[in-house]
Amino acid sequence: MPGRSLLRYVARTAIAGWLTVSSLFLISRAYTDSAAFLRSSLENSSRPLPAARRARLTQQLLQRYGLDVPLFYITPDSATTWRPSWRWNGVRNQYHRWLTRAVQGDLGTSYRDGSPVTELLARSLLYTLPLTVLAAVCSIGLTWGIVVWMNVRPSWRSMGLLSLHGLQAAPLFLTATTLLLLLANPDVLAWFPAFGLGLEDLEASWWQQPGRLLYFLVLPTLSLVLVTLPGLAVQLDGALQQELHRPYIATARAKGSSVSRVVWHHGLRNALLPTLALLTELLPNLVAGSTVVELLFALPGMGRLLAESAATQDYPVLIGAIGLVALVRLLAQVVADILYWVVDPRIRVQV
Amino acid sequence: MKQLLSGLILLVWAGLSSCSTPPANTSPSTVRIRWARDPDNLDPLIVSNLSAYETINLLHCSLLQGNDSTLSYVPWLAESLPTTRVVNDSLLHITYRIRPEATWDNGSPILARDVAFTLKVMNCPGLPIELAQAQFGFIRDIILDPQDSRRFTLLCTQQEVGSSGDYSILPEYALDPRGTLRPISLEHLRTQKPPSVVAEFARRYEALELARHPERLPGCGPYRLVKWQSGRALTLERKPNWWADKLPAPPPPLQAFPARLSFQIIPDAATATLALRRGELDLYSLMPAGEFTRLQHSPTDSARLRFYTTDSYQFLTASFNVRHPALHDRLTRQALTHLFNIPALIQASQQGAAYPSVGLISPRLRQYYNDSLPLPDFSPATALKLLQQAGWQRQTNGSWQRRDATGRLTPLAVQVAYRAGEPSFETAALQFRGAAAALGVAVELQPTESSLLNRQQEAGNIDMLISNLSGNPFLYNFTSLLHSSSVGVSNFTGFATPESDRLIEEIALTRNSSRKAVLLRKFQRLLATERPFSVLYFLKYRVAAARALGPIPVTGIKPGYEAARIRPLPLH
């Protein structure tokens, strides 16, 4: 029976993924103007076009991008407005074309530069993943360290919590800008570079590469860590406090265990349970990147790709990127279920 | 395990220590320039943004180039300005000759057949040429001179000569070495079903993926692409033996000095300013007014940087939707114009670095600017008088109303829309609302997302719009902006009269500059009276650059500088 349960679980997740991505496609296309991206590129053009030529051009470009066919298999028939009726469009519709290609791993091409969406996503992830993974690892590590330290030395706990809440109140934009203006500013401290991942004309040898990458990622990573850390640490600390007041902890202390041993070996494992959901929430953020940090530090990652494709109405890229984040979110839920089971085998996921 | 960890730490430390000093530019031959966005697409047939336009003009040459200092087109690949012969009202023959020194990278000369090939590519079915076709579709055919392989005549339906030579010339030897398109005429490609060789050519062209791989298309410009890291940086390198180097005294369009141009893509303005101050950038153009003034007043920065401002052809406007019941008469529009305090607005949003104008012709264009018209002044008293003349009556609660033709009461209430997130639009809108409120005119501000704003404009749902418009000193065609044929498509004010239509058509057709001056002055007078929109001010472009770059050739046309003509000073 566990085999069938697993199968049902996987099927349910797959259907949820398909429904999420399909809704995303249909809603974004149905409620937006398909010619919006053409209009902005026509306005950027240095030569104004007469009305008739402009209208013909718009039609030609809509045809090029496959936006001249109906959106779905059935669409409301606008000709008969006096009573609701539907028109059957067959497979010649935007959704069918998109889904057929998506199943084959082709998410279409960008309106802006004609590149395959999959290639753009892979290119952006190359910049985003080192940043977000580094930030996630540092955040988890620091959370662990700070929470243990606060609970082993309770006199510092209130001060620590106060600082964490203070940090949590600052939005990412403020934190990142403050770091930039403090640590990359010739008027204050110019310790770190202001943008990017280094100029390509300053070649570095292979042994300098990891250090160089880290050097350029210090400020973006620190910005992300400072906004992620408080949420995780406050939650874990709260859970740990609850655990530390339970009878089994008193028993352990009575048997002569030191405070640090009690925290490390008994309290933390049980306190981890409510924090697991928060930890797995980090997973979609790993691929979604951070728009603010990537824009501020000029890193061409997923956050910037999302923001730029939204601003330019580049829907194939937007749907591809949001779809990926949505699927990773589903995956994060699966991972959370598995981790709950690993940490506490008494928990059984209802299928 | 311990050894591995120590090794890793050592590597990181070595890397960090090698990076710990800011990488100031030590090579005078490399010029690092800030771009706000990536070029996205470097196919010369599709130029979709400013960064792409700048790159394409460094990789390729056109026949003519718009020149800001002479305010006209000047020869680039062409030996001289073309000669023209009017055949009839709708046909103009424009004859060019290509410079004899001009060659491709392989040493073969650039000939008239390359121009013919370029025009055929722009009309080749199956390629993404719709925009190029719409813009250059007025070139109906090309006739090559049988005696002179560099001479050719373009058959054009449009009277604007400059546009007939303003597109990159593509190398036939690289894209179609067997000359498969040669036997097919341009007329044939445009009008008839093309033969199979055309489809084959289109496939070959598409396979090159020039949008992402511009290095696969050798241009005749002074630079070649070295590296393009999408969203990060783009580097161009000067060709060691560019054909124009053979000219004894190359004219400005054929000058190219920096050995390397490195464009750094930094979307955020504050980050870009920091990078400039740290020496990680050499040139920052279109700088926000606040940052620019701050740097100018900083002794450290002014010792290292030079600052330039240049009058541009971009202007801030307040457009009125003349179809709106409250705005359909010119007196009301004139009254509302008097509620903009333009000098205060220039000070508030541009730190004083902008200049007012009577209309859409820049005061810089002395020949065409109508200086006998008064500049719009801030005068609530005049506005009050004009509103009363327009039939508006003040109510006891301070608001205004009037009866329309059907006897229905119309309140004087307008919604002012502008693109959200643009501080200069917001400042103008807030200032207007303040002045209008003091007079009892109800104004509601609507900051709107740009695509939604476009849609609302097309539907004619916007009462008043604050936006930037751009012009250039080479083309005087207002058809898309104000002609009756463009109402609802690109004429969003909805304004058009038989007289304005006639003037617009005549201005577009006239090539005689003194006649054009008369017509343009008349047109400015008409717009000043009718006020379908009010020009609030013309922007100045601000450029900050390292002193080591020497004097920067700045222009009033975006991006505000000519990268190829920057002449870095030698290091002492």
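Residues numbered from 1 in each chain as written. Chains lettered and ligands numbered in written order. Predicted model: local features only at pLDDT ≥ 70, side-chain atom pairs only at ≥ 80, totals over all residues. Heavy atoms only, no water.

Novice: Any chance you could break down the overall build of chain B for me, citing the residues and the numbers?
Specialist: The secondary structure content of chain B amounts to 18 helices and 20 strands. For chain B, whose C-alpha radius of gyration is 27 Å, the value lies close to the compact-globule estimate of 25 Å for 572 residues. Here the C-alpha coordinates of chain B stretch approximately 80 × 75 × 50 Å along the principal axes. For chain B, buried positions account for 56% of its 572 residues. When contacts within chain B are restricted to residue pairs at least 6 apart in sequence, those whose partners lie at least 24 apart make up 68%. Taking the 59 positively charged and 47 negatively charged side chains of chain B as two groups, their mean positions are separated by 4 Å. (Helix = DSSP H or I, 4+ residues; strand = E, 2+ residues; numbered from the N terminus. Rg over C-alpha atoms; globule rule 2.2 N^0.38 Å. Buried < 20%, exposed > 50% of the residue type's maximum accessible area, 1.4 Å probe, protein only. Contact = heavy atoms within 4.5 Å. Lys, Arg positive; Asp, Glu negative; His and termini not counted. Charge placed at Lys NZ, Arg CZ, Asp CG, Glu CD.)

Novice: Could you give an account of the interface of chain B and chain A, naming the residues involved and the relevant values?
Specialist: Between chain B and chain A, the contact holds 61 residues from the first and 56 residues from the second. Overall, the association of chain B and chain A removes approximately 5300 Å² of surface from exposure, summing both partners, and the carbon and sulfur fraction of that is 55%. When residues of chain B are sorted by the area they lose upon contact with chain A, E130, R232 and R278 of chain B head the list and together hold 12% of the total. At the surface where chain B touches chain A, the tally comes to four salt bridges. The partner of R112 of chain A in a salt bridge is D40 of chain B, and the shortest N-O contact between them spans 3.7 Å. There are 11 residue pairs in polar contact (both at pLDDT 80 or more) connecting chain B and chain A. At the level of secondary structure, the elements contributing two or more residues to the side of chain B that touches chain A comprise α1 (2-19), β1 (30-35), α4 (130-136), β8 (223-229), β9 (233-238), β10 (260-265), α8 (269-277) and α15 (450-459) of chain B. In terms of residues, the side of chain B that touches chain A owes the most to one element, α1 of chain B, which gives seven residues. Split into classes, the residues belonging to the side of chain B that touches chain A amount to 22 nonpolar, 24 polar and 15 charged. (Buried area = accessible area lost by both parts, 1.4 Å probe. Salt bridge = Lys/Arg side-chain N within 4 Å of Asp/Glu carboxyl O. Polar contact = N/O pair within 3.5 Å; in protein donor to acceptor, adjacent residues only side chain to side chain. Nonpolar A, V, L, I, M, F, W, Y, C, P; charged D, E, K, R; others polar.)

Novice: Can you break down the packing of helix α5 (residues 117-152) of chain A against helix α10 (residues 259-288) of chain A residue by residue, with the values?
Specialist: All names here are of chain A. In the contact formed by α5 and α10, the axes pass within 10 Å of each other and the chain directions differ by 155 degrees. Comparing their axes, α10 and α5 come out roughly antiparallel. Relative to α10, α5 is oriented so that their crossing is right-handed. Contact residues: L125, T128, L129, T132, V133, A136, I140, W144, V148, N151 and V152 in α5; V259, S260, V263, W264, L268, L272, L279, L282, N285, L286 and V287 in α10. A per-class count over the contact of α5 with α10 returns 17 nonpolar, five polar and no charged. (Axes fitted to C-alpha atoms, helices over the stretch in contact; angles between N-to-C directions. Parallel < 35°, antiparallel > 145°, perpendicular 65-115°, else oblique. Left-handed = near helix turned anticlockwise from the far one by under 90°.)

Novice: Could you give an account of the pattern of salt bridges, with specific residues and numbers?
Specialist: Residues and elements named next belong to chain B. For the coordinates displayed, the defined rule picks out 38 salt bridges over all chains. Put simply, D68 and R364 hold a salt bridge, and the shortest N to O gap is 3.2 Å. Here the residue D68 occupies a position in the loop between β2 (64-67) and β3 (72-75), and R364 occupies one in the loop between β13 (354-355) and α13 (380-389), the gap between them amounting to 296 residues. A residue is classified by how much of its surface remains accessible, and D68, at 9% relative accessible area, is buried. Given a relative accessible area of 30%, R364 falls into the partly exposed group. The residue R260 makes a salt bridge to E237 at a minimum N-O spacing of 3.3 Å. With R260 in strand β10 and E237 in strand β9, this residue pair connects regions lying 23 residues apart in the sequence.

Novice: So what's going on with the sheet that holds strand β14 (residues 393-394) of chain B? Which residues, and what values?
Specialist: Here three strands make up an open sheet; going across it, the order is β14-β15-β16 (chain B) and the pairing antiparallel. At either end of the open sheet lies a strand with only one pairing partner, and these are β14 and β16 (409-411) of chain B. (Pairing = 2+ DSSP bridges.)

Novice: Before we move on, can you summarise the sheet that holds strand β5 (residues 91-97) of chain B with the specific residues and values?
Specialist: Residues and elements named next belong to chain B. Taking strand neighbours across the sheet as the criterion, the four strands line up as β4-β5-β7-β6 in an open arrangement whose pairing is antiparallel. In the strand order of this sheet, the two ends are held by β4 (83-88) and β6 (139-144), each with one partner. Recorded for the sheet is a direction-independent mean angle of 20 degrees between the axes of neighbouring strands. Looking at chain direction, β4 and β5 are connected through five bridges and run antiparallel. Paired with V86 across the bridge in β5 is L92. Here helix α3 (residues 112-121) sits on the sheet and contacts β6 and β7 (151-156); the angle it forms with β6, its principal contact strand, is near 155 degrees.

Novice: Mind laying out unusual backbone geometry, listing which residues take part and the relevant values?
Specialist: Residues and elements named next belong to chain B. A cis amide bond links K558 to the next residue, P559, at an omega of 10 degrees. Take P559: it is sitting in the segment after β20 (533-546). The phi dihedral of L71 falls on the positive side, at around 55 degrees, and the residue is not glycine. Relative to the assigned elements, L71 resides in the loop between β2 and β3.

Novice: Explain the domain arrangement of chain A to me, using residue names and the numbers behind them.
Specialist: Residues and elements named next belong to chain A. Examined at the domain level, chain A breaks down into domain 1 (3-103) and domain 2 (117-343). For domain 1 versus domain 2, the distance between C-alpha centres works out to 36 Å. On the side of domain 2, 13 residues touch domain 1, which itself brings 15 residues to the contact. When the two sides are added together, the surface that domain 1 and domain 2 hide from each other amounts to roughly 1100 Å², 74% of it contributed by carbon and sulfur. (Domains from an automatic or database assignment.)

Novice: Describe the environment of A194 of chain A, listing the residues and the values that go with them.
Specialist: As for its position among the elements, A194 of chain A is in the loop between α7 (172-183) and α8 (209-244). When the C-alpha positions of A194 of chain A and A298 of chain A are compared, they lie 8.8 Å apart, and in sequence the two are 104 residues distant. Sequence-distant contacts of A194 of chain A, that is, excluding residues within four places in its chain, are made with L180, A184, L296 and F297 of chain A together with T271, L274, A275, R278 and E280 of chain B.

Novice: Tell me about the nonpolar core, and please be specific about residues and values.
Specialist: The biggest cluster of nonpolar side chains holds 83 residues, and the ones touching the most others in it are L63 and Y167 of chain B. Within the second largest apolar cluster, 38 residues are counted, among which are A354, W392, V441 and Y537 of chain B. (Core = buried A, V, L, I, M, F, W, Y, C linked by side-chain atoms within 4.5 Å.)

Novice: Quick rundown of the side chain of T310 of chain B? Include the residues and the values.
Specialist: Residues and elements named next belong to chain B. Structurally, T310 is set in strand β12 (residues 305-320). When its relative accessible area of 7% is taken as the criterion, T310 is described as buried. Filtering out sequence-adjacent residues up to four positions away, T310 remains in contact with R364, L539, K540, Y541, V554, T555, G556 and G560.

Novice: Can you break down the pairing of β12 of chain B residue by residue, with the values?
Specialist: Residues and elements named next belong to chain B. With 12 of 16 residues buried, β12 lies mostly within the body of the structure. Judged from the 12 bridges that link them, β12 and β20 form a sheet pairing that is antiparallel. What sits directly across from L316, in β20, is Y537. Relative to strand β19 (residues 464-470), β12 runs antiparallel, the two being bridged by seven bridges. For Q314, the partnering residue across the bridge sits in β19 and is S470.

Novice: Please give an account of the packing of aromatic side chains that cites residues and values.
Specialist: All names here are of chain A. Going through the model one piece at a time under the given rule, you end up with 26 aromatic pairs over all chains. With a centroid separation of 6.2 Å and an interplanar angle of 80 degrees, the aromatic rings of Y73 and Y95 are classed as edge-to-face. You can see Y73 sitting in the loop between α3 (51-64) and β1 (74-76) and its partner Y95 sitting in helix α4 (residues 94-103), a full 22 residues away along the chain. Of the residues examined, Y95 reaches a relative accessible area of 4% and is grouped as buried. Taken together, the aromatic side chains of F25, F72, Y73, W88, Y95 and W98 make up a single cluster linked through ring pairs. (Phe/Tyr/Trp six-rings, centres within 6.5 Å; stacked < 30°, edge-to-face > 60°.)

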